[in-house]
Amino acid sequence: MIGGVVMVFVAIWVFQSAARAKVDNVLMWTAICAVTFFAVQALFVNFNVYFIDLLNGTDVNGSNGEYERDLASVGDRKTQDDIGGFGGAFLSTLFELLPPAVGFLAAAFVRNKFVLKEALTIPNLFSGLKEMFASIKQSFKESQ
């Protein structure tokens, strides 16, 4: 759920940045950044599932033939009870927030390097976010 909301913000951010920079094929670059975000997020979700199963001591390679888990059956993957206390709560939070965060960074890299063709610096990587949220806020105001 968090990843979906972040993906919408990434698409708006890339679209506005490309439109302001007068880049050709604005929609194509928006789609490329959204697909990059989704692919990296899916990769990290798979990594999280693999890592949680390793923590639980499950044979993830399937050499004994009993491991037939798919991404839809995540109901019994608990880190808080297995590790306990703050460590489990921290890992649960990390596993929830890491895929969208890394997906955002991947889309920001593509936007910065290929769309805007700017130097790879921290301010350039996150440029335009403030303007995006200001324009979203402005869109909710009543027209006078």
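Here we summarise the structure given alongside this text. (Residues numbered from 1 in each chain as written. Predicted model: local features only at pLDDT ≥ 70, side-chain atom pairs only at ≥ 80, totals over all residues. Heavy atoms only, no water.)

Let us now look at the environment of Val40. For Val40, the position within the fold is in helix α2 (residues 26–55). With a relative accessible area of 18%, Val40 lands in the buried category. Once the C-alpha coordinates of Val40 and Phe104 are considered, the two residues, 64 residues apart in sequence, prove to be 8.8 Å apart. Among residues more than four places away in sequence, those in contact with Val40 are Val102, Gly103 and Ala106. (Helix = DSSP H or I, 4+ residues; strand = E, 2+ residues; numbered from the N terminus. Buried < 20%, exposed > 50% of the residue type's maximum accessible area, 1.4 Å probe, protein only. Contact = heavy atoms within 4.5 Å.)

To continue, consider the nonpolar core. Counting residues in each nonpolar core, the largest one holds 18 residues, and the members touching the most others are Val10, Trp13 and Val115. Secondary-structure elements contributing two or more residues to this core are α1 (2–20), α2, α4 (85–115) and α6 (129–140). Counting residues per element, this core draws most heavily on α4, which supplies five residues. In this view, Trp13 contacts Phe104, Ala108, Arg111, Leu125, Phe126, Ser127, Gly128, Leu129 and Met132; residues no more than four positions away in its chain are not counted. (Core = buried A, V, L, I, M, F, W, Y, C linked by side-chain atoms within 4.5 Å.)

Where α1 contacts α2, the axes come no closer than 9 Å and their chain directions differ by 150°. One finds that α1 runs roughly antiparallel with respect to α2. Here the hand of the crossing between α1 and α2 comes out right-handed. Contacts from Gly3, Val6, Met7, Val10, Ala11, Val14, Phe15, Ala18 and Ala19 of α1 reach α2 at Val26, Leu27, Trp29, Thr30, Cys33, Ala34, Phe37, Phe38 and Gln41. Considering only residue class, the contact of α1 with α2 consists of 15 nonpolar, three polar and no charged. (Axes fitted to C-alpha atoms, helices over the stretch in contact; angles between N-to-C directions. Parallel < 35°, antiparallel > 145°, perpendicular 65-115°, else oblique. Left-handed = near helix turned anticlockwise from the far one by under 90°. Nonpolar A, V, L, I, M, F, W, Y, C, P; charged D, E, K, R; others polar.)

Our focus in this paragraph is the packing of aromatic side chains. The final tally for this structure, using the stated rule, is seven aromatic pairs. A ring pair is formed by Trp13 and Phe104, whose centres lie 5.2 Å apart and whose planes are at 20°; its orientation type is stacked. Linking Trp13 in helix α1 with Phe104 in helix α4, this pair joins segments that are 91 residues apart in sequence. For the pair Trp13 and Phe104, one class covers both residues: buried. Consider the rings of Phe44 and Phe47, whose centres lie 6.3 Å apart with planes at 65°: the pair is edge-to-face. Taken together, the residues Phe44 and Phe47, both in helix α2 and three residues apart, mark about one turn of the helix. You can call Phe47 partly exposed: its relative accessible area is 43%. (Phe/Tyr/Trp six-rings, centres within 6.5 Å; stacked < 30°, edge-to-face > 60°.)

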